[in-house]
Amino acid sequence: MECVFGLVGNDFAVVAADTSAVHSILVHKSNEDKIMVLDSHKLIAASGESGDRVQFTEYIQKNVALYQFRNGIPLTTAAAANFTRGELATALRKNPYSVNILLAGYDKETGPSLYYIDYIATLHKVDKGAFGYGSYFSLAMMDRHFHSGMTVKEAIDLVDKCIMEIRSRLVVAPPNFVIKIVDKDGAREYAWRESVKDAAVA
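So, here's what we can say about the structure. Fair warning: this is a prediction, and the values are worked out from it, not measured in the lab.

**Section: the overall build of the chain**
Moving on, step 1. Check the secondary structure of the chain and you find four helices and 12 strands.
Moving on, step 2. Against the compact-globule benchmark of 17 Å for 202 residues, the chain has a radius of gyration of 16 Å, which places it among compact chains.
Moving on, step 3. Seen along its three principal axes, the alpha-carbon backbone of the chain occupies a region of about 45 × 40 × 35 Å.
Moving on, step 4. A buried classification covers 47% of the 202 residues belonging to the chain.
Moving on, step 5. Long-range contacts, defined as pairs at least 24 residues apart, comprise 58% of the intrachain contacts of the chain with a sequence gap of at least 6.
Moving on, step 6. Between the mean site of the 22 positive side-chain charges and the mean site of the 24 negative ones, the chain shows a separation of 1 Å.

**What about the packing of helix H3 (residues 135–145) against helix H4 (residues 152–169)?**
Moving on, step 1. Close contact between H3 and H4 brings their axes to 9 Å; oriented N to C, the two are set at 140 degrees. Classed by the angle they form, the pair H3 and H4 counts as oblique. The crossing of H3 and H4 is right-handed. Within the contact between the two elements, H3 uses Phe137, Ser138, Met141, Met142 and His145 and H4 uses Leu158, Lys161, Cys162, Glu165, Ile166 and Arg169.
Moving on, step 2. Its residues assigned to classes, the contact of H3 with H4 comprises six nonpolar, two polar and three charged.

**Some details on the sheet that holds strand E6 (residues 42–48)**
Moving on, step 1. On the basis of which strands lie adjacent, the open sheet formed by five strands has the order E5-E6-E7-E8-E9 and antiparallel pairing. The outermost strands of the open sheet, each flanked by one partner alone, are strand E5 (35–39) and strand E9 (123–126). Taken over all neighbouring pairs, the strand axes of this sheet differ in orientation by 25 degrees on average, direction set aside.
Moving on, step 2. As defined by bridge partners, E6 adjoins strand E7 (residues 99–107) across seven bridges and the pair is classed as antiparallel. Across the sheet, leucine 43 pairs through a bridge with alanine 104, a residue of E7.
Moving on, step 3. The sheet contacts of helix H1 (residues 50–71) involve E5, E6 and E7, and relative to E5 the element is tilted by about 15 degrees.
Moving on, step 4. Where helix H2 (residues 77–92) meets the sheet, its contacts fall on E6, E7, strand E8 (111–117) and E9, and the angle it forms with E7 comes to roughly 160 degrees.

**Side note on the sheet that holds strand E1 (residues 3–9)**
Moving on, step 1. With antiparallel pairing, the five strands of this open sheet are ordered in space as E10-E1-E2-E11-E12. Looking at strand neighbours, the two that pair on one side only are strand E10 (128–132) and strand E12 (186–193), the edges of this open sheet. Neighbour-to-neighbour, the strand axes of the sheet open up by a mean angle of 15 degrees, direction not taken into account.
Moving on, step 2. The pairing of strand E2 (residues 12–18) with strand E11 (residues 177–183) spans seven bridges and is classified as antiparallel. Pairing of phenylalanine 12 across the sheet is with aspartate 183, part of E11.
Moving on, step 3. Sheet strands touched by H3: E1 and E10. Its angle to E10, the strand with the most contacts, is close to 165 degrees.

**Things to note about the packing of aromatic side chains**
Moving on, step 1. Counted according to the given criterion, the structure contains four aromatic pairs.
Moving on, step 2. A centroid spacing of 6.5 Å and a plane angle of 40 degrees characterise the contact between tyrosine 133 and tyrosine 136, whose relative ring orientation is tilted.
Moving on, step 3. Residue class for tyrosine 133 comes out partly exposed when judged on its relative accessible area of 44%.
Moving on, step 4. On the accessibility criterion, tyrosine 136 (61% relative accessible area) is exposed.
Moving on, step 5. Ring pairing ties together the aromatic residues Phe56, Tyr59 and Tyr97, which thus form one cluster.

**A closer look at a nonpolar patch on the surface**
Moving on, step 1. On the surface, a cluster of nonpolar side chains totalling about 580 Å² of accessible area is made up of Met1, Tyr133, Tyr136, Val171 and Val172.
Moving on, step 2. When you line up the elements, tyrosine 133 lands in the loop between E10 and H3.

Each value, and the rule that gives it
- Residues numbered from 1 in each chain as written.
- Predicted model: local features only at pLDDT ≥ 70, side-chain atom pairs only at ≥ 80, totals over all residues.
- Heavy atoms only, no water.
- Helix = DSSP H or I, 4+ residues; strand = E, 2+ residues; numbered from the N terminus.
- Rg over C-alpha atoms; globule rule 2.2 N^0.38 Å.
- Buried < 20%, exposed > 50% of the residue type's maximum accessible area, 1.4 Å probe, protein only.
- Contact = heavy atoms within 4.5 Å.
- Lys, Arg positive; Asp, Glu negative; His and termini not counted.
- Charge placed at Lys NZ, Arg CZ, Asp CG, Glu CD.
- Axes fitted to C-alpha atoms, helices over the stretch in contact; angles between N-to-C directions.
- Parallel < 35°, antiparallel > 145°, perpendicular 65-115°, else oblique.
- Left-handed = near helix turned anticlockwise from the far one by under 90°.
- Nonpolar A, V, L, I, M, F, W, Y, C, P; charged D, E, K, R; others polar.
- Pairing = 2+ DSSP bridges.
- Phe/Tyr/Trp six-rings, centres within 6.5 Å; stacked < 30°, edge-to-face > 60°.
- Patch = residues over 30% accessible without salt bridge, like charges linked within 9 Å, V, L, I, M, F, W, Y side chains within 5 Å.
- Areas by Shrake-Rupley, 256 points an atom, 1.4 Å probe, with all protein chains shown as cover.
- Salt bridge = Lys/Arg side-chain N within 4 Å of Asp/Glu carboxyl O.

In structure tokens:
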């Protein structure tokens, strides 16, 4: 029961995702990071079948790095989003990936941005977005409390409200979430919200 959501604030973008690796009725682990750092100023948060999610996000990450290596300049966030959408669209006619993506980034010229890319290669630039069962609650909370030009504190407070709503309303809610942020200083992990820790194997 995956939950991935994000929003754009004043000079930053923040994304959050649950950290549960689940198959059928089994929870394999509860510290799986589903938000990958694409490069110094981009984050890609993904939900979907775990194999597709890992393989596709790593494929995008390596191709973004390859472009920068070959050309000496990084892709913009818009260019990375369009490349990701193109690869999903190509795969859709051959061997489709079951993966939904929120791509967040920061560019010096245009500032922060967030792109919504679903498994059938739909691409939209958004101020806020979500995937998974948690989206029913997080989108409702963001519709109520989101406003343009939010500060980091306001955005993190809203993310925490979304997490609490998911935990209290979703019948099989994931216990742990990771929050990452991207701004002029780069992409980085901001915090974890944990209610369950993986037990160490003796």
